[in-house]
Amino acid sequence: RVLRYAAWAESGIEKALKKGRLVEGSGAKGNDKSNDVKVDDGSQECRKASTVTLDFLFKIETIAVMKIDVGGAEGQVLDGMTELFRFHRLHVLVIEYGFAAGPERLQHIIQFGYNIEICKDASPLFLNDVPSFFNRINCKENPHDPCKEWLLIQLADKSTAST
């Protein structure tokens, strides 16, 4: 299915996109004008998209495989997927996960009964390993290392996974 929305942590927020990427500072909510869509460069076409959570979009569907590459907004997208993880309606997720998304989201995903594997070396990421994983992808402390890693997130055996 091709999405005509921007996946986000909340539904109903307008975001501005240039060449498929989120425009920094976009997303007015209510009467708060400090977060209005800002488009400085008139040379590139800008489109608006309403946000929607993936929980809302896939309320009853089970998804076999999903890939998410959202250029640093993976934390916000994952925040809108809690029910997909909680009720095991997503079997496999491939995601480029960045340092800015924080360790808590990965810890919650593991606690929902998913296994996480770091793609480049096929090594598992266990709950106790999450803090050291974040130290490794912290660009401020390790400027020569990447600030993100591709992760493979898979639903563990359903008979052992807890909700």
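Look up: the structure comes first, before these words.
Residues numbered from 1 in each chain as written. Predicted model: local features only at pLDDT ≥ 70, side-chain atom pairs only at ≥ 80, totals over all residues. Heavy atoms only, no water.

Draft legend 1. Expanded view of the sheet that holds strand S7 (residues 114–118). Read from one edge of the open sheet, five strands run S5-S6-S9-S7-S8, paired in mixed fashion. One side of each edge strand has no neighbouring strand; the edge strands of this open sheet are strand S5 (63–68) and strand S8 (123–125). For this sheet the average axis-to-axis angle between neighbouring strands, irrespective of direction, equals 25°. Note: strand S6 (residues 90–98) against strand S9 (residues 148–155), seven bridges, orientation antiparallel. Along S9, the bridge assignment pairs Val-92 with Gln-154. Packed on one face of the sheet, helix H4 (residues 103–111) meets S6, S7, S8 and S9 and runs near 130° to S7. (Pairing = 2+ DSSP bridges. Helix = DSSP H or I, 4+ residues; strand = E, 2+ residues; numbered from the N terminus. Axes fitted to C-alpha atoms, helices over the stretch in contact; angles between N-to-C directions. Contact = heavy atoms within 4.5 Å.)

Draft legend 2. Representation of the environment of Ala-73. Along the chain, the position of Ala-73 falls in the loop between S5 and helix H2 (74–79). Residues Ala-73 and Glu-96, spaced 23 residues apart in sequence, show a C-alpha to C-alpha distance of 9.9 Å.

Draft legend 3. Representation of the side chain of Glu-96 in the model. Here Glu-96 lies in strand S6. Although Glu-96 is buried, it forms no salt bridge, and the closest oppositely charged side chain is Lys-148 at an N-O distance of 4.0 Å. Leaving out residues up to four positions away in the same chain, Glu-96 has contacts with Ile-68, Asp-69, Glu-74, Lys-148, Glu-149 and Trp-150. (Buried < 20%, exposed > 50% of the residue type's maximum accessible area, 1.4 Å probe, protein only. Lys, Arg positive; Asp, Glu negative; His and termini not counted. Salt bridge = Lys/Arg side-chain N within 4 Å of Asp/Glu carboxyl O.)

Draft legend 4. Region of the structure containing the nonpolar core. Leu-54, Met-66, Met-81, Phe-85, Leu-90, Leu-93 and Leu-106 are the most contacted members of the largest nonpolar core, which has 31 residues in total. Per element, the largest residue contribution to this core is four residues, and it comes from S6. (Core = buried A, V, L, I, M, F, W, Y, C linked by side-chain atoms within 4.5 Å.)

Draft legend 5. Highlighting the side chain of Glu-149. Tracing the chain through its elements places Glu-149 in strand S9. Here Lys-120 takes part through its side chain, which lies 3.3 Å from a polar atom of the side chain of Glu-149. A polar contact is formed between the side chain of Glu-149 and the side chain of Arg-136, at a distance of 3.1 Å. The contact partners of Glu-149, leaving out residues within four places of it in the chain, are Ile-95, Glu-96, Tyr-97, Ile-118, Lys-120, Phe-133, Arg-136 and Ile-137. (Polar contact = N/O pair within 3.5 Å; in protein donor to acceptor, adjacent residues only side chain to side chain.)

Draft legend 6. Seen up close, the packing of aromatic side chains. Per the counting criterion, the structure on display carries four aromatic pairs. Ring geometry for Phe-85 against Tyr-114: centres 5.1 Å apart, planes inclined by 90°, an arrangement best described as edge-to-face. Highlighted residues: Phe-85 in helix H3 (residues 82–86) and Tyr-114 in strand S7, separated in sequence by 29 residues. With relative accessibility at 2%, the residue Phe-85 sits in the buried group. Geometrically, the ring pair formed by Tyr-97 and Phe-134 is edge-to-face, given 5.9 Å between the ring centres and 85° between the ring planes. Of this pair, Tyr-97 sits in strand S6 while Phe-134 sits in helix H5 (residues 130–136), and the two are 37 residues apart along the sequence. When sorted by exposure, Tyr-97 lands in the same class as Phe-134, which is buried. By the ring-pair criterion, three or more aromatic residues cluster together here, those being Tyr-97, Phe-99, Phe-133 and Phe-134. (Phe/Tyr/Trp six-rings, centres within 6.5 Å; stacked < 30°, edge-to-face > 60°.)

Worth remembering: the numbers are spatial, not functional.
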